[in-house]
Amino acid sequence: MELMTLLPILGVLLLIIVLKRSPIEAAFFGALSALILWLCDVATPYSQVLAWAIITDTMILFASVASVIAMGLLLVVLLEKTPTNQAFTSWVGLLNLPKSQSVLLVMLGIAPMLEALTGFGVSLIAIIPILLTLLPKEIALKTALVGMAIMPWGTLGLATVTGASMLGLSAAELGLYSAMVSSPVFMWLALWALSLAKLLDKQALINALMVCMMFVCVLASASKTVGVEIAGVLAGLSVVAYFLLLGKKSPIPKAIWVYAVLFGSVLFLKVVGFLTGWQHWAWQGVQASFKPINSPSIALALTVIVVWWAYRQQYALNTVIHQWLKRAYRPLTTILCFLLMSQIMVKGEFLQGFHQLLSGLPAVAQIPILTMLGAIGGYLTGSNVGGNVLMLPILTDNNPILAAIMNSAAGASALASLPVVAIIAGLAKADTQQEQRLISTALMVAVINTALVALVGVLLYVGVA
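Residues numbered from 1 in each chain as written. Predicted model: local features only at pLDDT ≥ 70, side-chain atom pairs only at ≥ 80, totals over all residues. Heavy atoms only, no water.

Draft legend 1. Here's a closer look at the packing of helix α2 (residues 7-18) against helix α15 (residues 317-347). Contact pair α2 / α15: the axes reach a minimum separation of 10 Å and the direction vectors enclose 150°. Between α2 and α15, the crossing angle belongs to the class labelled roughly antiparallel. In this structure, α2 uses Pro8, Ile9 and Val12 to contact α15, whose residues at the interface are Phe338, Met341 and Met345. Residues of the contact of α2 with α15, tallied by class, amount to 6 nonpolar, no polar and no charged. (Axes fitted to C-alpha atoms, helices over the stretch in contact; angles between N-to-C directions. Helix = DSSP H or I, 4+ residues; strand = E, 2+ residues; numbered from the N terminus. Parallel < 35°, antiparallel > 145°, perpendicular 65-115°, else oblique. Contact = heavy atoms within 4.5 Å. Nonpolar A, V, L, I, M, F, W, Y, C, P; charged D, E, K, R; others polar.)

Draft legend 2. Main features of the packing of aromatic side chains. This model, assessed by the stated rule, comprises 6 aromatic pairs. With a centroid separation of 5.1 Å and 80° between ring planes, the pair formed by Phe186 and Phe215 is classed as edge-to-face. Remark: Phe215 occurs in helix α11 (residues 202-225) and Phe186 occurs in helix α10 (residues 171-196); sequence separation between them is 29 residues. Comparing Phe186 with Phe215, the two get one shared label, buried. The residue whose ring lies beneath Arg312 is Trp309, and the NZ or CZ to ring-centre distance is 3.8 Å. (Phe/Tyr/Trp six-rings, centres within 6.5 Å; stacked < 30°, edge-to-face > 60°. Buried < 20%, exposed > 50% of the residue type's maximum accessible area, 1.4 Å probe, protein only. Lys NZ or Arg CZ within 6 Å of the ring centre and 35° of its normal.)

Draft legend 3. Expanded view of unusual backbone geometry. The phi torsion at Asn96 lies on the positive side, around 55°, for a residue other than glycine. Along the chain, Asn96 turns up in the loop between α5 (84-94) and α6 (99-118).

Draft legend 4. Focus on the nonpolar core. With 163 residues, the main nonpolar core has Phe88, Leu108, Ile110, Leu135 and Met341 as its most contacted residues. At 15 residues, helix α4 (residues 48-79) tops the list of elements feeding residues into this core. Those residues within four positions of Phe88 in sequence are excluded, and the remaining contacts are Ile110, Met113, Leu114, Ala126, Ile130, Ile256 and Tyr259. (Core = buried A, V, L, I, M, F, W, Y, C linked by side-chain atoms within 4.5 Å.)

Draft legend 5. Highlighting helix α9 (residues 158-167). Counted residue by residue, α9 has 9 buried out of 10 residues, so it is predominantly covered. Leu158, Ala159, Thr160, Thr162, Gly163, Ala164, Ser165, Met166 and Leu167 are the residues of α9 that are buried. Remark: Gly168 follows α9 within two positions and exhibits a positive phi of approximately 70°.

Draft legend 6. Structural view of the pattern of salt bridges. Counted by the stated rule, this structure contains 2 salt bridges. Residue Lys347 is joined to Asp57 by a salt bridge in which the shortest nitrogen-to-oxygen separation is 2.9 Å. On the criterion of sequence distance, the pair formed by Lys347 in helix α15 and Asp57 in helix α4 is long-range, its members being 290 residues apart. In terms of burial, Lys347 and Asp57 fall into one category: buried. (Salt bridge = Lys/Arg side-chain N within 4 Å of Asp/Glu carboxyl O.)

Draft legend 7. Main features of empty space enclosed by the protein. Throughout the structure, instances matching the rule amount to 2 cavities of 30 Å³ or more. Of the voids in this model, the second largest cavity is the one considered here, and its volume is about 30 Å³. If you go around the second largest cavity, the residues you meet are Ile9, Met341, Ser342, Met345, Leu351, Leu390, Pro393 and Ile394. Looking at the lining of the second largest cavity element by element, the count peaks at 3 residues for α15. Residues belonging to the lining of the second largest cavity are distributed by class as follows: 7 nonpolar, 1 polar and no charged. (1 Å grid on protein atoms, 1.4 Å probe; cavity = no way out; pocket = protein on both sides within 12 Å on 5 of 7 lines; lining within 4 Å. Points joined across faces, edges and corners; volume = space filled by probe spheres on them.)

Draft legend 8. Examining a nonpolar patch on the surface more closely. Together, Phe28, Leu32, Leu35, Ile36, Leu39 and Tyr46 make up an exposed nonpolar region whose accessible area comes to about 570 Å². By the element assignment, Phe28 lies in helix α3 (residues 23-39). (Patch = residues over 30% accessible without salt bridge, like charges linked within 9 Å, V, L, I, M, F, W, Y side chains within 5 Å. Areas by Shrake-Rupley, 256 points an atom, 1.4 Å probe, with all protein chains shown as cover.)

Spatial relationships are all this shows, so hold off on functional conclusions.
Encoded structure:
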């Protein structure tokens, strides 16, 4: 019976890892199998009260996630017809920085800043052309992959906000601990990329250490003070500012005004929410809640409106809607199914036996298991949000450090997943052999990231406890 309650998760793992099915198929199986098992009284028996709680919390969590994904993908579609991302390529060349510094600027500055603003691999559109001008093709592809793994937050802190909402934690606290746990991942990835490009000399090492320390400090402090929504943006922006001081004076291209509008919209809404008290208004479910004024979706929607108006002559409405629906359908359906599956399993007490098993272990002994589960969730779904939704309910104790470990593990492995590899290979027009080597590199990155998160997680937990 205990094995039956784990069937949805085991089935998802089997479908993706062994049978090589898509995440949307696995998510549909997970939700359907959880629903059937619940209706068959495998765990807590069906009741209308429980069904209402499952539906309500699933829809609240889906609204908080879907609103950001939908607006983010619409912005991605619109940006493809603008010179915004191409402007970065020309600008980095004009700075006339040494090659090692240019790589660090891309990895720890431009890539995480863009990815934190928009998510969905948008940073790849900008950084791959830059890296291809700096490095041989295969090394450039691997460096782009590494750059994606630097920012584990997702779109404007969406994964961290969603995880905190699921567990009833403070997003600021979860973001702070996630930044601390992820810090060695940033360091080793930066050094590995420089070594891969044969650029790791003494000066490059010093620069990398300084920049990584600055990145982590800004990320952690901003998560705690101004919020996880813009913490990743500020961390990347601090690195960009640092290299601007080192490089040749070159004005920031006007074409990237779109990101300034998005950043300004987030800040504006935070101020409005604080002055009016609207940030406290929430759509409240049984356990989950959604605060619209705090959602990045509104800032993304405002930016979409501005971009649409500025470039309105370049857009055909039918084409934009078609491309948006084509991109949004699969991730939204996948997230909805995983959310439904997780809510059935949590509220139906499917994981009670697993919880008892983990509860019998000291928290320190749980950390390697939780890290591995978080990483598996992120790698399988190709999404920090998807990984959190799939695996966070396994937590037996809503300890923010343990939640941060799973959040960081999901983020550090999600961006090394197969969907990301496919995007990189497609943008760079990689051949089959290059793509296969990139997949191997991605798997290695995910494994090492996971080990580092587990190690630092243990040290942090012991230190705080």
